[in-house]
Amino acid sequence: MSKKPAIFFLGVIAALIFMLPAASMAKDNPPPLADVWLITAKAGQGSELYEAIEKHMAFRAEHGDPRAWQVYSPMLGDELNRVAIRFCCFSWADQDAYSEWREAAENIGDHFGEHVTPHIENISHYFENLDWENSNWNEESGPYKLFAVTEFNLKPGKIGQYDAARNKMSQIALNQGWATSDHSWVWSSTIGGKSQGSIIIPHKSFADMDRDEEGFMEFLARHMGSAEAAAELMADFSESAWSSEFQIWEHDEDASMSTGD
């Protein structure tokens with residue numbers, strides 16, 4: 001994925017946020033954590049890696065993996081030989097229980113090592129902390145096929161500024177009637193590696209990305225009293241990051257494990 005200055009993505013985030021929903025979250029939010037593995041294939045082995053992962057997900061399901069892992073592939077840029085494997089949502093106590101299951105299921109690791117590892121160039125692992133209080137996730141509006149993700153690479157010492165600006169514009173969107181129940185979004189932050197924050201916006205199709213609505217900056221200005229106040233808030237948000245990266249991830253239902261729905 002290409003990297004661009006944060007100020008450029010001021011416009012991108014404004015464009016993305018105008019797709020967001022405004023219905024309030026349910027009283028009982030899901031647990032706050034997601035588990036993410038990002039795997040890059042060796043040169044020329046993208047297809048082989050994908051096939052191996054698909055077989056491994058089926059193997060895990062057959063052997064009682066309590067987590068329904070979901071598989072995604074990127075659609076933009078020049079690093080398309082990657083696969084993201086993700087599970088949501090759980091608590092830290094749930095992670096203890098899953099670690100115990102994984103240690104007992106030695107055949108799971110052996111199968112991965114035999115079938116998947118030979119095709120891997122690089123693998124990374126991290127947790128995500130999901131900010132449900134500033135998000136709106138309408139599962140009923142799915143099933144979702146595409147996920148527009150903007151990652152913000154945060155500056156040291158600016159995380160508080162990022163959080164404050166994100167929270168303020170999200171609460172305005174949630175409480176002032178900006179979004180509809182047809183749209184969803186969730187904010188997340190990475191646990192492990194670089195300091196990153198992300199906004200994830202799901203879509204059922206590409207056509208679902210085409211919105212003919214009031215721009216978010218206009219909405220924000222109207223509820224904050226002036227265009228200057230809205231621009232200042234967005235600048236606070238943008239200036240808290242070194243750069244931003246945008247990607248569309250496609251959910252692969254065939255390779256993913258069944259959620260039991």
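Because the structure is a prediction, the values reported are computed rather than measured. (Residues numbered from 1 in each chain as written. Predicted model: local features only at pLDDT ≥ 70, side-chain atom pairs only at ≥ 80, totals over all residues. Heavy atoms only, no water.)

Some details on the packing of aromatic side chains
So, step 1. Going through the model one piece at a time under the given rule, you end up with 13 aromatic pairs.
So, step 2. An aromatic cluster of at least three residues, connected via ring pairs, comprises Trp69, Phe87, Phe90, Trp92, Tyr98, Trp101 and Phe127.
So, step 3. One Lys or Arg, arginine 67, reaches over the ring of tyrosine 98 and ends 4.1 Å from the middle of that ring.
So, step 4. Seen from the ring of tryptophan 242, lysine 155 lies directly overhead, with NZ or CZ sitting 5.3 Å from the centre. (Phe/Tyr/Trp six-rings, centres within 6.5 Å; stacked < 30°, edge-to-face > 60°. Lys NZ or Arg CZ within 6 Å of the ring centre and 35° of its normal.)

Digging into unusual backbone geometry
So, step 1. The omega angle of the peptide bond from cysteine 88 to cysteine 89 is 15°, so this bond is cis rather than trans.
So, step 2. Mapped onto the fold, cysteine 89 is located in strand S4 (residues 82-90). (Helix = DSSP H or I, 4+ residues; strand = E, 2+ residues; numbered from the N terminus.)

Some points on a negative patch on the surface
So, step 1. A contiguous patch of negative charge, built from Asp94, Asp96, Glu100 and Glu103, is present on the exposed surface.
So, step 2. Turning to its location among the elements, aspartate 94 is positioned in helix H3 (residues 92-104). (Patch = residues over 30% accessible without salt bridge, like charges linked within 9 Å, V, L, I, M, F, W, Y side chains within 5 Å. Areas by Shrake-Rupley, 256 points an atom, 1.4 Å probe, with all protein chains shown as cover. Salt bridge = Lys/Arg side-chain N within 4 Å of Asp/Glu carboxyl O. Lys, Arg positive; Asp, Glu negative; His and termini not counted. Charge placed at Lys NZ, Arg CZ, Asp CG, Glu CD.)

Observations concerning the pattern of salt bridges
So, step 1. Tallying each qualifying case throughout the model produces six salt bridges.
So, step 2. The salt bridge partner of aspartate 35 is arginine 67, with a shortest N-O separation of 3.1 Å. In this pair, aspartate 35 is assigned in strand S2 (residues 33-41) and arginine 67 in the loop between helix H2 (46-62) and strand S3 (70-74), connecting sequence segments 32 residues apart.
So, step 3. Residue class for arginine 67 comes out buried when judged on its relative accessible area of 4%.
So, step 4. A salt bridge links arginine 60 to aspartate 65; its shortest N-O distance comes to 2.7 Å.
So, step 5. Judged by relative accessible area, which is 9%, aspartate 65 ranks as buried.
So, step 6. Through salt bridges that share partners, Asp131, Asp163 and Arg166 make up one connected network. (Buried < 20%, exposed > 50% of the residue type's maximum accessible area, 1.4 Å probe, protein only.)

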